[in-house]
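Coordinate inspection notes
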Amino acid sequence: MPPSSAPAITLNQLRAFLASARLGSFSAAATELRTTQPSVSELIKRMEDHYRVPLFTRGPRRLVLTAAGEELLPYAQQATEAAEGADRALRSLTSLDGGVATFGLLRNADYYFLSELLESFHARHPKVRLRIVGLNSVEVAEAVSSGDLEAGLVVLPIDGEGLDVTPLLRDEVVYVSADPRRTAQPVTMAGLAAAKLILYDAHYGWRDPTRRQLAERAQVAGVTLSAVIEVEHVESALHIVARGAGDTIVSRAVAHSRTFPEGLHTVGFAEPLYDTIAVVRRRGTVLSPATQEITRLARRMLLAHGAARRPARDGLRT
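All values derive from a computational prediction rather than experimental measurement.

Parameters at a glance
- Residues numbered from 1 in each chain as written.
- Predicted model: local features only at pLDDT ≥ 70, side-chain atom pairs only at ≥ 80, totals over all residues.
- Heavy atoms only, no water.
- pLDDT = per-residue confidence, 0-100.
- Helix = DSSP H or I, 4+ residues; strand = E, 2+ residues; numbered from the N terminus.
- Contact = heavy atoms within 4.5 Å.
- Buried < 20%, exposed > 50% of the residue type's maximum accessible area, 1.4 Å probe, protein only.
- Arc of directions from axis to C-beta.
- Polar contact = N/O pair within 3.5 Å; in protein donor to acceptor, adjacent residues only side chain to side chain.
- Pairing = 2+ DSSP bridges.
- Right-handed = clockwise from strand over helix to strand, strands pointing away.
- Axes fitted to C-alpha atoms, helices over the stretch in contact; angles between N-to-C directions.
- Parallel < 35°, antiparallel > 145°, perpendicular 65-115°, else oblique.
- Nonpolar A, V, L, I, M, F, W, Y, C, P; charged D, E, K, R; others polar.
- Salt bridge = Lys/Arg side-chain N within 4 Å of Asp/Glu carboxyl O.

**Notes on the confidence of the model for the chain**
Overall, the prediction assigns the chain a mean pLDDT of 87, with 89% of residues at 70 or greater. Highest mean pLDDT in the chain belongs to strand 7 (residues 197-199) (98); lowest belongs to strand 12 (residues 315-316) (50). Confidence drops under a pLDDT of 50 for residues 310-314, and excluding neighbours within four residues, the segment shows eight contacts in the predicted structure.

Structure (structure tokens):
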């Protein structure tokens with residue numbers, strides 16, 4: 001009778017077969033596999049009985065592979081190596097010995113010292129690959145919501161349907177001008193509407209979270225906000241403001257940075273305005289250990305940054 005068409009080979013049988021072939025005896029294989037010699041013999045016998053072919057010639061001193069055993073050998077090696085590789089891959093997802101951390105950062109992350117986040121994480125977990133995407137908060141939230149990113153840092157408000165949002169840090173938004181007369185008093189919405197505004201994040205426009213807050217306030221105040229110049233990066237906007245072409249808005253973190261141009265003046269809003277930085281993740285999902293760890297480090301760095309900030313004073317930056 002031909003052998004049954006149902007598969008009868010298990011990984012345990014293949015491991016027993018490989019150990020027996022390499023070591024030349026069932027007893028030596030049993031010692032290596034931490035089992036008994038009858039157990040190893042039984043595993044091999046089941047394969048031989050199922051396929052009705054001997055895999056070994058039982059000699060007085062050593063097992064010798066038959067033609068069928070020689071045929072099976074490379075497949076047994078491939079199968080066990082593949083299983084071990086799969087085991088390592090899955091274990092890496094439940095440890096910090098491998099895997100990938102996928103995380104989104106807000107575009108101005110460097111102003112909150114988050115560039116150090118990557119160095120710190122890599123130094124602690126060199127086997128974990130990092131996939132860090134620096135985008136506007138709008139796109140980070142969309143990427144987390146769709147599953148393209150596991151988690152990320154955003155500035156609120158965002159469209160957070162289906163997301164868990166954890167606020168971490170609040171940073172005041174200030175008005176910036178090269179003309180000290182324009183920063184002599186806190187800025188009102190009417191004053192902002194009358195200003196020549198140089199705004200950044202041109203691609204996202206009024207979908208940008210900070211701009212959304214301003215647009216909502218303008219609507220309540222009955223005024224309209226518009227920009228005379230829009231650029232992509234805050235640094236570009238500040239350089240234009242420094243040349244006297246108009247005014248802009250930035251967070252305190254940007255205003256206190258080393259790259260903030262000299263000669264610019266800042267003042268807060270009459271009704272203080274804040275950027276709230278939060279971590280977002282998809283609701284109901286479990287983060288991989290790697291992404292959990294980078295989220296923890298990001299939270300710690302942001303909270304430390306907030307604690308280290310001194311009370312701000314408006315006026316000329318020194």
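**As for helix 9 (residues 234-242)**
Within the span of helix 9, buried status applies to Val234, Ala237, Leu238, Ile240 and Val241. Take helix 9 and look down its axis: the buried residues cluster within an arc of 160 degrees, on one side only. Structurally, helix 9 contributes buried residues whose contacts are with strand 6 (163-177), strand 7, strand 8 (227-230), strand 9 (248-251) and helix 10 (252-255). Of the residues trailing helix 9, glycine 244 is marked for its positive phi of about 85 degrees.

**Some remarks on helix 6 (residues 137-146)**
In an α-helix, one turn spans 3.6 residues; hence positions three or four apart end up facing the same way. Regarding helix 6, the residues found buried are Ser137, Val138, Val140, Ala141, Ala143 and Val144. Next to the buried residues of helix 6 lie strand 3 (100-106), strand 4 (129-135), strand 5 (151-156), strand 6, helix 8 (209-221) and strand 11 (273-282). The residue sitting at the N-terminus of helix 6 and contributing the capping side-chain oxygen is asparagine 136; that oxygen lies 2.8 Å from the backbone nitrogen of valine 138. Just past helix 6, the residue glycine 147 takes up positive phi, approximately 90 degrees.

**Description of the pairing of strand 3**
Of all seven residues in strand 3, six are buried, a share of seventy percent or more. Relative to strand 4, strand 3 runs parallel, the two being bridged by seven bridges. Paired with glycine 104 across the strands is valine 133, a residue of strand 4. At this point the chain moves from strand 3, through helix 5 (residues 115-124), to the parallel strand 4, and the crossover so formed is right-handed. Bridge count for strand 3 against strand 5 is two bridges, and the pairing is parallel. What sits directly across from phenylalanine 103, in strand 5, is alanine 151.

**Digging into the packing of helix 2 (residues 26-33) against helix 3 (residues 37-51)**
Contact pair helix 2 / helix 3: the axes reach a minimum separation of 8 Å and the direction vectors enclose 110 degrees. In this view, helix 2 runs roughly perpendicular relative to helix 3, as classed from their interaxial angle. Every residue of helix 3 that contacts helix 2 at Phe26, Ser27, Ala29 and Ala30 is listed here: Gln37, Val40, Ser41 and Ile44. Classifying every residue of the contact of helix 2 with helix 3 by side-chain character gives five nonpolar, three polar and no charged.

**What about the pattern of salt bridges?**
Using the criterion set out here, one finds 16 salt bridges in the structure. A cluster of three or more residues bridged by salt bridges with shared partners is formed by Asp179, Arg181, Arg182 and Asp247.

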